[in-house]
Amino acid sequence: MALLSVTMPMSKKSSLLVVAKVASCNLPLLDYRPCISYSTHSFSDRLFGIKSVPITNNCRRITTSFRCFASVLSPQLRDALDKIVTSHKVVLFIKGTKEFPQCGFSNTVVQILTSLNVPFETINILENEMLRQGLKEYSSWPTFPQLYIEGEFFGGCDITVEAYKSGELQELLEKALCS
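The following refers to the structure shown.

When helices and strands are tallied, the protein chain shows five helices and ten strands. Within the protein chain, the fraction of its 179 residues that count as buried is 36%. Pairs at least 24 apart in sequence give 52% of the contacts found in the protein chain among residues at least 6 apart.

This part covers the nonpolar core. Core analysis: the biggest nonpolar cluster contains 18 residues, and Val90, Leu92, Leu113, Leu147, Ile149, Leu169 and Leu173 have the highest contact counts within it. Of all the secondary-structure elements, those providing two or more residues to this core are strand S7 (90–94), helix H2 (104–115), strand S9 (146–149), helix H4 (157–166) and helix H5 (168–178). No other element matches H2, which puts four residues into this core. When near neighbours in sequence (up to four residues on either side) are disregarded, Leu147 contacts Val90, Val91, Leu92, Leu113, Glu152, Phe153, Phe154, Gly155, Thr160 and Leu169. Membership of the second largest hydrophobic core comes to twelve residues, among which are Leu77, Val91, Leu135 and Tyr138.

Okay, the state of the cysteines next. The full count for this structure, using the stated rule, is zero disulfides. Cysteine Cys103 remains unbridged, with the sulfur of Cys157 as its closest cysteine sulfur at 7.7 Å. Judged by relative accessible area, which is 15%, Cys103 ranks as buried.

With that out of the way, let us pick up the pattern of salt bridges. Where charged atoms from two side chains of opposite charge come close, those side chains can pair. Tallied over the entire structure, the rule returns one salt bridge. Lys89 is paired through a salt bridge with Glu150; the nearest N and O atoms lie 3.9 Å apart. In this pair, Lys89 sits in the loop between helix H1 (75–87) and S7 while Glu150 sits in the loop between S9 and strand S10 (152–155), placing the two residues 61 residues apart along the sequence.

So, on to the pairing of strand S8 (residues 121–124). Residues Thr122 and Asn124 line the buried face of S8, whereas the alternating positions Glu121 and Ile123 sit on a face that is not buried. Across four bridges, S7 lies against S8 in parallel orientation. Paired with Ile94 across the two strands is Asn124, which belongs to S8.

Before going further, it helps to spend a moment on the side chain of Ser139. On the secondary structure map, Ser139 appears in helix H3 (residues 129–139). Among the polar contacts listed, one links the side chain of Ser139 to the backbone oxygen of Leu135, at a separation of 3.0 Å.

What follows deals with the sheet that holds S10. Spatial strand order, S8-S7-S9-S10: four strands in an open sheet with mixed pairing. Whereas interior strands pair on both sides, the edge strands pair on one side only; in this sheet they are S8 and S10. On average, adjacent strands in this sheet sit at an angle of 25° to one another, irrespective of strand direction. Pairing of S9 with S10 involves three bridges; the strand directions are antiparallel. Of the residues in S10, the one forming a bridge with Ile149 is Glu152.

Our focus in this paragraph is the packing of H1 against H3. Their axes nearest at 11 Å, the elements H1 and H3 cross at an angle of 80°. In terms of their interaxial angle, H1 and H3 are classed as roughly perpendicular. Within the contact between the two elements, H1 uses Leu77, Arg78, Leu81, Asp82 and Val85 and H3 uses Met130, Leu131, Gly134, Leu135 and Tyr138. Class assignment for the residues of the contact of H1 with H3 results in seven nonpolar, one polar and two charged.

What counts as what
- Residues numbered from 1 in each chain as written.
- Predicted model: local features only at pLDDT ≥ 70, side-chain atom pairs only at ≥ 80, totals over all residues.
- Heavy atoms only, no water.
- Helix = DSSP H or I, 4+ residues; strand = E, 2+ residues; numbered from the N terminus.
- Buried < 20%, exposed > 50% of the residue type's maximum accessible area, 1.4 Å probe, protein only.
- Contact = heavy atoms within 4.5 Å.
- Core = buried A, V, L, I, M, F, W, Y, C linked by side-chain atoms within 4.5 Å.
- Disulfide = S-S within 2.5 Å.
- Salt bridge = Lys/Arg side-chain N within 4 Å of Asp/Glu carboxyl O.
- Pairing = 2+ DSSP bridges.
- Polar contact = N/O pair within 3.5 Å; in protein donor to acceptor, adjacent residues only side chain to side chain.
- Axes fitted to C-alpha atoms, helices over the stretch in contact; angles between N-to-C directions.
- Parallel < 35°, antiparallel > 145°, perpendicular 65-115°, else oblique.
- Nonpolar A, V, L, I, M, F, W, Y, C, P; charged D, E, K, R; others polar.

Here's what the structure looks like:
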């Protein structure tokens, strides 16, 4: 991890110039987008990059800091994840365990798979921060749980619920378990 210090002129009418000082990490180009905060119904500015940082619109220039994760997905971690997702027909990366999910979304997917009598492995992403961050990059999916079927990323909770309701999940799992 590295600390990123960002200094920028604030103006909603002009383009944004970002000056960044980065210690020991290479960052991708940062992207600026104005956005609306639906909770407060107010305009705010946000800097999007490795991690979103709210920028107050009350000042002309500000300096803020946040942590970044420069490519956590090392070749070794990628190989390990490849082995995990291909060594079992169904793998679920969750917060917690199959017996004790520690998040409602993780619990929902565990309950769906359990109700279908599908044998599946779970990996607790809360035990290893490097795994948790690397998996987001591996799957190009920012949230958990993450379901893998036959080595392929299937989706998170919402996608799994919709596929379960439509019957698509059952069909896919039957094919996977028969192959």
